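Examining the three-dimensional arrangement
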Amino acid sequence: MSGPDRRFSFEFSAPKNAEAIEKVKSVHKKLVKLNPHFFSVTYGAGGSTKEGTKQAVLDINKTGSEVAPHLSFGGDDEAKIEQLILDYRNAGVKRVVALRGDIPSGMGSSTNIAYANQLVEFIRRKTGDHFHIEVAAYPEIHPESTSVKADLQYFKQKVDAGANSAITQYFYNPDAYFRYLDDCTALGVNIPIVPGIMPITNFRGLVRFSHNCGAEIPRWISKHLQDYENDPQSLKAFGEEVVTNLCQRLLDGGAPGLHFYTLNQSLPTLRLWRNLGL
Ligand code: FAD
């Protein structure tokens, strides 16, 4: 896909207190200069950051930037989620990221879990075509999936329910992404699937997070990061080089854009942006 048709977006982690809300505002101020297609704000597992997410979304929306709240049923009933969706619609928000969401620890399988396709259907039923709906995709397969085939079928269900585009879990192996695109095309799924990009700025946090979400850190990357564990400057420089090369390969291979997980920091994303000459 050629330059102007590609889309770039930046994700913020849901702020949990007033200080974090201010932090999101200040990082947004720096990143908005890059003129991304949209920003998004995550939703804490089980709806635990409902207020913080909403506040950050409405703050960003007021500045004129396009913004997408992440949303899941979490532990809430339909009436509560419908109200939240209508509040967003009435504020002029036009895009949402519809998810099953992470299951908060302790809730286990006893909770009545709504899969993301059910939320997509719900949003379409309540608000028609108002929202552009993004869903999650997993080139390295969702950790709870029983098989690659089942995972792809469930992804297709979300698209059939009305999703317009998808953002992937992060990965460091571009072949997994390109293979995923081929598999989707073979199933007749043709929505844009935008790679999620996780900058590498520390080792332990990345290992922990990757383990939980099923993202693989290739051995050669992991070994380098381990060596640099007590040398944060070298670690960041190495991480920046690896992720810049990854982004370049994805764009050269036809990715429809990039979605950066900012973790509420501007610098790593700004540096990748500059390196890529975007
Ligand atoms: P689903 O698509 O519903 O899939 C969940 C699992 O169930 C998969 O294994 C799938 O194969 C399987 N499955 C799907 N449908 C069915 C069915 N009908 N029957 C049986 N099995 C089924 N988490 C948060 O809590 N907050 C966020 O803001 C957030 N943002 C994210 C943004 C992106 C771009 C991505 C990639 C992930 C995000 N996550 C977030 C993490 C996500 O919520 C977790 O990965 C979660 O475990 C799955 O969510 P999902 O929407 O992909 O679920």
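See the structure shown above.
1. Topic: the overall build of the protein
Regarding its fold elements, the protein presents 10 helices and eight strands. Its C-alpha atoms give the protein a radius of gyration of 18 Å, near enough to 19 Å, the size a compact globule of 278 residues would have. Residue burial in the protein is summarised as follows: out of 278 residues, 50% are buried. Measuring between centres, the 31 positive side-chain charges of the protein sit 4 Å from its 30 negative side-chain charges.

2. Topic: the packing of aromatic side chains
As enumerated under the stated definition, the model contains 15 aromatic pairs in all. Centroid distance Phe-73 to Phe-122: 5.3 Å. Interplanar angle 65 degrees. Geometry classified as edge-to-face. In this pair, Phe-73 sits in the loop between β3 (67-71) and α3 (78-91) while Phe-122 sits in helix α4 (residues 116-127), placing the two residues 49 residues apart along the sequence. Since its relative accessible area comes to 9%, Phe-73 is described here as buried. An aromatic cluster is present here, built from Phe-8, Phe-10, Phe-12, Phe-39, Phe-260 and Trp-273 joined pairwise through their rings. Its end group placed over the ring of Phe-38, Arg-95 keeps NZ or CZ at 4.1 Å from the ring centre.

3. A few points about a positive patch on the surface
Taken together, the side chains of Lys-23, Lys-29, Lys-30 and Lys-33 present a region of like positive charge at the surface. Relative to the assigned elements, Lys-33 resides in the loop between α1 (18-31) and β2 (38-41).

4. Quick word on the environment of Gln-233
Secondary-structure assignment places Gln-233 in helix α9 (residues 232-252). As for Gln-233 and Glu-121, which are separated by 112 residues in sequence, their C-alpha atoms are 46 Å apart.

5. Focus on the site of the ligand
Near the ligand you find 23 residues, and of these Tyr-43, Arg-100, Tyr-138, His-142 and Lys-158 are the closest. Here a nitrogen atom of the ligand and a side-chain polar atom of His-70 are 3.0 Å apart. Protein chains shield 87% of the accessible area of the ligand, which is 970 Å² for the free molecule. Those elements that place two or more of their residues in the shell around the ligand are α5 (148-160) and β6 (165-170). Here the shell around the ligand takes four residues from α5, the largest share from any one element. Across the shell around the ligand, the residue classes break down as 10 nonpolar, eight polar and five charged.

6. Observations regarding α9
When the terminal C-alpha atoms of α9 are compared, their 30 Å separation across 21 residues agrees well with the 30 Å that a helix rising 1.5 Å per residue should span. Among the residues of α9, those classed as buried are Leu-235, Phe-238, Gly-239, Glu-240, Val-242, Val-243, Thr-244, Leu-246, Cys-247, Leu-250 and Leu-251. Contacts made by the buried residues of α9 are with β1 (7-12), α6 (174-186), β7 (193-197), α8 (219-227), β8 (257-261) and α10 (267-276). One or two residues past the end of α9 sits Gly-254, with phi positive at roughly 105 degrees.

7. What about the side chain of Asn-264?
Position of Asn-264 among the secondary structure elements: in the loop between β8 and α10. Owing to a relative accessible area of 11%, Asn-264 belongs among the buried residues under this scheme. Polar contacts involving the side chain of Asn-264 include one to the main-chain amide nitrogen of Ser-13, which spans 2.8 Å. Setting aside its immediate chain neighbours within four residues, Asn-264 contacts Phe-12, Ser-13, Lys-23, Val-24 and Val-27.

8. A look at the layout of surface pockets
Taken as a whole, the second largest pocket spans an internal volume of roughly 280 Å³. Lining the second largest pocket are 15 residues, with Thr-201, Lys-236, Glu-240, Pro-268 and Arg-271 sitting closest to its centre. If you list the elements that add at least two residues to the lining of the second largest pocket, you get α9 and α10. Sorting elements by how many residues they give to the lining of the second largest pocket places α9 first, with six residues. Its residues placed into classes, the lining of the second largest pocket shows seven nonpolar, five polar and three charged.

Thresholds, definitions, all that
Residue numbers run consecutively from 1 along every chain, following the written order of its sequence. It should be noted that, the model being predicted, local features are given only for residues of pLDDT at least 70 and side-chain atom pairs only at 80 or more, the latter also being counted only at that level, while totals for whole chains, interfaces and linings use all residues. Water and hydrogen atoms were dropped before computing side-chain values, which therefore reflect all heavy atoms in the structure. In this description a helix means any DSSP run of H or I spanning at least four residues, a strand means any run of E spanning at least two, and both kinds are numbered starting from the N terminus. The size measure is the radius of gyration over C-alpha atoms, and the globule rule it meets is 2.2 Å times the number of residues to the 0.38 power. A simple rule labels every residue: compare its accessible area, found with a 1.4 Å probe on the protein chains alone, to the largest value its type can have, and call it buried under 20%, exposed over 50%, or partly exposed in between. The sign given to each residue is positive for Lys and Arg and negative for Asp and Glu; His and the chain ends receive no count. Here the site of a charge means atom NZ of a Lys, CZ of an Arg, CG of an Asp or CD of a Glu. Each aromatic pair joins two rings of Phe, Tyr and Trp (for Trp, the six-membered one) with centres within 6.5 Å, and gets the label stacked for planes under 30 degrees apart, edge-to-face for over 60, and tilted for any other angle. By the criterion adopted, a ring carries a charge over it if an Arg CZ or a Lys NZ lies within 6 Å of its centre and within 35 degrees of its normal. Patch rule: a residue counts if its relative accessible area is over 30% and it has no salt bridge; like charges are joined within 9 Å, and nonpolar side chains (Val, Leu, Ile, Met, Phe, Trp, Tyr) within 5 Å. Working definition of accessibility: Shrake-Rupley area with a 1.4 Å probe, residue cover restricted to the visible protein chains. Each salt bridge in this description consists of a side-chain nitrogen of Lys or Arg and a carboxyl oxygen of Asp or Glu lying within 4 Å of one another. Here a residue counts as near a molecule or strand whenever at least one of its heavy atoms sits within 4 Å of it. Distance and chemistry together define a polar contact, namely a pair of N or O atoms within 3.5 Å, with one atom able to donate a hydrogen and the other to accept it when in protein, and with adjacent residues in sequence counting only for side-chain atoms on both sides. Here the nonpolar group is Ala, Val, Leu, Ile, Met, Phe, Trp, Tyr, Cys and Pro; Asp, Glu, Lys and Arg are the charged ones; every other residue, Gly included, is treated as polar. Any helix carries an expected span of 1.5 Å times its number of residues minus one. A contact between two residues is defined here by any heavy atoms of the two lying within 4.5 Å. For each structure, a 1 Å grid was placed over the protein atoms alone; sets of points admitting a 1.4 Å probe that cannot get out are labelled cavities, open sets with protein on both sides within 12 Å along at least five of seven lines are labelled pockets, and lining residues have an atom within 4 Å of a point. Grid points are joined across faces, edges and corners, and a volume is the space filled by probe spheres set on the points.

Don't take any of this as a statement about function, it's just geometry.
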